[in-house]
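Chain by chain, the residues:
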Amino acid sequence: MSTDSYHSALPTTSIMASEENHNTFDVRRIRADFPILQRTVKGKPLVYLDNAATTQKPTAVIDALTAYYTGCNANIHRGIHTLADEATAAFEATREAARRFIGAASTEEIIFTRGTTESINLVAASWGREHIREGDEIILSTLEHHSNIVPWQMVAEERGARIRVVPVDEDGAFQYEAFLKLLSTRTRIVSIVHVSNALGVVQPIEDIIRAAHGVGALVLVDGAQSAVHLDIDVQRLDCDFFACAAHKIYGPTGVGILYAKHSILSTMAPYQGGGEMIREVRFTGTTYNDPPFRFEAGTPNIADVVAFRAAIEYVEAIGKPVIRAHEEALLAQVSERVLKIPGVRILGDIPGRIGVLSFTVDGVHPQDIGILLDNQGVAVRTGHHCTQPLMHRFGIAGTTRASLALYNTSEEMDFFATSLEKVVRMLS
Ligand code: PMP
C-alpha cells in the first residue's frame, strides 16, 4: 500500500462527508456514529452519563485503529522502509491536528504522553525539579484532580517548596481575590484545572494567567475537561503549559498531549531516557534530541496517536460551539428536574457550568444511587472523582455525577431524571 493509498483508506466521519450537515446538529445521526450506544445494560438501553471519566468512540476512530493495524503498522521515525514512512507520516499528522486543535504555534510544542496525568508529571518532574527551590511556592486550587496535586507534592517535598491552595466558596467557585493574595515573587508555578471534573465549574483562566505572569510565575492549565468542550487557543491564553487527553475527546485511551511554549521546552531536561530522545549516545555522555522528541523516549502509542486524529477531525467537523449549545440545553433541562427532587443539592451550581451535574441527596449514599441507576442502564459516576480535598471542603465523602457528551439526548435526560426520582424515593 503506498502512502497515498494508506491515507486515502483512512476513514473520515459521516459528518464530514455530509455538506448538508454543516453547522446543523442531528443527535440521531451523531448517535449512529457511536456503535456502543446500541448496546443494552441489564436489559435496558444504555444511557451513558460518565463522559467526564471517558467518552465513547465514534466509528471513525475505531476504523482508524483497524486501518492502521491492517494497512500500515510499523515503528516510526527510524525506518527507511515504506511502512515506517507511512506510520511516521500518520503519527506526525496527528501532531499537526493536535497543534491546530489547541492553537499552538508549532508542532514542536506538542508532546505525546499517556494522558493528562503523565503530561502534568512530565512538567513537575522536568521543569519543576529544575526550577523549584527551597522556599518557593506552587499554587493549586481546592478544585484540583489528584493528578494535579500529587506530582506537585512530590516535587515540593523533594525541593523543600510549599504548596498554597486557592479556596473555593460553598458553591465551588474559585476565589479569585484569595488567589491574588497568595501570588508573590515566591510563586514559581500556578497549576489550575480549567473546567472542574467534579463540578463542571469553569475557572477565570485568562485572568489567572495574566496575574501569575505579573509576578513572574508560569501557568499550567489542566485541560482534561476543557479541551472537549471549549475552544482552546493556547497562544491567546498565553499559558505556559496545557495538558489534556484523547480519551476525553472521543479518542483512544493511552494518548495525552502536553503543550509547552517552545522557549520553555527548549531549556527543559528530559523526562525519561531511552531511544528517540537522544542525538548521540556514548558511554562518556549523551546529547539529547530537540523538542518534542526529547520528551518522547521509546516507542510511543503509535496506533492510538494515529486514531486520535480521527477524533479531532470528528469534533472539528461538528464544531465545539454547536456541541456546547447542545450540551448546555441538556444540562439546563436535567438540572431543573433534578433540583425538584426532595433532598437534592447540586454542587457547583453557578453560571457557566459545563457538562456536569454533580449532586448529593440528603441521607442517601451516592454508591447506592449509582448501583440502582445502573440497573436501569444509566451509567453515572459516584464517589470523590479523584478530588478528595474538594469533597473534604464540602464535608462529604462523594457525589453522584452525571456528565454529558454530544451524543446524549433530551429523552435520556428525562429517563435519567425519572429513574433518579424513583431511586431516591426507594432509598429515602
Ligand atoms: N485532570 C482532570 C480535571 C481530570 O478530569 C482527569 C481525568 N478524570 C485528569 C486530570 C487525569 O486525566 P487522565 O485520565 O488523562 O490521566
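Remember, predicted model here, so these are calculated numbers, not experimental data.

## Topic: the overall build of the chain
Counting its regular elements, the chain contains 17 helices and 17 strands. Computed over its C-alpha atoms, the radius of gyration of the chain comes to 22 Å, within 12% of the 22 Å expected for a compact globule of 428 residues. Along the first, second and third principal axes, the C-alpha atoms of the chain reach 70 × 60 × 35 Å. Taking contacts inside the chain between residues at least 6 apart in sequence as the whole, the part at least 24 apart equals 72%. On the chain, roughly 17,600 Å² of surface is accessible, and the fraction owed to carbon and sulfur atoms is 52%. Averaging the locations of the 39 positively and 50 negatively charged side chains of the chain gives two centres separated by 4 Å.

## Description of the domain arrangement of the chain
In terms of domains, the chain is made up of domain 1 (82–315) and domain 2 (320–427). Using C-alpha coordinates to define each centre, domain 1 is positioned 29 Å away from domain 2. Taking both partners together, domain 1 and domain 2 bury about 2,400 Å²; carbon and sulfur atoms supply 61% of that area. Run the count over domain 1 and domain 2 and you get two salt bridges.

## Re the packing of aromatic side chains
Tallied over the entire structure, the rule returns nine aromatic pairs. Aromatic side chains F34 and Y314 sit 5.7 Å apart centroid to centroid with 85° between the ring planes, which places their arrangement in the edge-to-face category. Residue F34 is found in the loop between α3 (27–32) and β1 (40–41), and its partner Y314 is found in helix α13 (residues 302–318); the two are separated by 280 residues along the sequence. This pair shows no difference in class: F34 is buried, exactly as Y314 is. For the ring pair Y68 and Y69, a centre distance of 5.5 Å and an interplane angle of 65° mean the geometry is edge-to-face. The lysine or arginine in question, K320, covers the ring of F101, its NZ or CZ lying 4.0 Å from the ring centre. Of note, R345 hangs over the ring of F394, and the distance from its end group to the ring centre comes to 5.7 Å.

## Concerning the site of the ligand
Looking at the ligand, there are 13 residues lining it, with T116, T117, D222, Q225 and K248 nearest. T116 is positioned with one of its side-chain polar atoms (N or O) 2.9 Å from an oxygen atom of the ligand. The side chain of H145 places a nitrogen or oxygen atom 3.3 Å from a nitrogen atom of the ligand. For the ligand, the protein covers 86% of the area, taking 400 Å² as the surface of the free molecule. Tallied by class, the residues present in the shell around the ligand amount to three nonpolar, eight polar and two charged.

Conventions we followed
Residues numbered from 1 in each chain as written. Predicted model: local features only at pLDDT ≥ 70, side-chain atom pairs only at ≥ 80, totals over all residues. Heavy atoms only, no water. Helix = DSSP H or I, 4+ residues; strand = E, 2+ residues; numbered from the N terminus. Rg over C-alpha atoms; globule rule 2.2 N^0.38 Å. Contact = heavy atoms within 4.5 Å. Areas by Shrake-Rupley, 256 points an atom, 1.4 Å probe, with all protein chains shown as cover. Lys, Arg positive; Asp, Glu negative; His and termini not counted. Charge placed at Lys NZ, Arg CZ, Asp CG, Glu CD. Domains from an automatic or database assignment. Buried area = accessible area lost by both parts, 1.4 Å probe. Salt bridge = Lys/Arg side-chain N within 4 Å of Asp/Glu carboxyl O. Phe/Tyr/Trp six-rings, centres within 6.5 Å; stacked < 30°, edge-to-face > 60°. Buried < 20%, exposed > 50% of the residue type's maximum accessible area, 1.4 Å probe, protein only. Lys NZ or Arg CZ within 6 Å of the ring centre and 35° of its normal. Near = heavy atom within 4 Å. Polar contact = N/O pair within 3.5 Å; in protein donor to acceptor, adjacent residues only side chain to side chain. Nonpolar A, V, L, I, M, F, W, Y, C, P; charged D, E, K, R; others polar.

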